[in-house]
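Working through the structure, step by step
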Amino acid sequence: MAGDDEKKKTTPSYEERVTDVNIISKPLASKKSTKKLHKLVKKASAQKHIRRGVKEVVKGLRKGDRGLAILAGDIYPVDVVSHLPFLLEENDVPYIFVPSKQDLGAAASTKRPTSCVLVKTPKSDFEAKDIYDDMIKEAKLYDPTK
C-alpha cells in the first residue's frame, strides 16, 4: 500500500500542472477537455493521423496539412514554441494548450515529452471523429485579439 501512495504523489494533478504553464498558454484546456484531447491524440497516433514536434508540425503546415494543433503549456524557454500560435492563426488551424508535455508525449505514443502535436483532419472512418469535432469547436471559441 505504501508504494501506491508514493506513485500517487509523484504524478502531479491537473491543478499542479496548470501552475507550471508559460505566459502564452491561452487557450488552456480544462481538466475534462485535457483528458479528451489526450484520448484524441492517442487514437490519432494509432491511425497515423498525427504530426509530432515543432519541426514536423511546421513542415506539415507548409505542405498543407490542416486539423487541430495541441500545444504543451509547460515549454521553457518559450521561444521554442512562441511562433506556433501566429503560424497556426495565419493558416486558419485551431489550436489549444494542454498543461503537460510529458502527458502529451505519452498520448502521442512516444517515450519523449512532446511540445506540440497536429491531429490532421480525419477521414470519415476515424473512430474518434466526435471528440475531434468537439475539440475543434472548443478551440475555435478562443479569440486571440481579446
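Everything here concerns the structure above.
Residues numbered from 1 in each chain as written. Predicted model: local features only at pLDDT ≥ 70, side-chain atom pairs only at ≥ 80, totals over all residues. Heavy atoms only, no water.

Concerning the sheet that holds strand β2 (residues 67–72)
One open sheet accounts for 4 strands, arranged β1-β4-β2-β3; its pairing is mixed. The open sheet has two edge strands, β1 (50–52) and β3 (95–98), and neither has a second partner. Strand-to-strand twist in this sheet, taken as the mean axis angle between neighbours without regard to direction, amounts to 20 degrees. In the sheet, β2 pairs with β3 via 4 bridges, with the strands oriented parallel. The partner of Leu 71 across the bridge, within β3, is Phe 97. Along the sheet, helix α7 (residues 129–140) makes contact with β2, β3 and β4 (116–120), crossing β2 at roughly 70 degrees. (Pairing = 2+ DSSP bridges. Helix = DSSP H or I, 4+ residues; strand = E, 2+ residues; numbered from the N terminus. Axes fitted to C-alpha atoms, helices over the stretch in contact; angles between N-to-C directions. Contact = heavy atoms within 4.5 Å.)

Everything listed is a geometric property; what it means functionally is a separate question.
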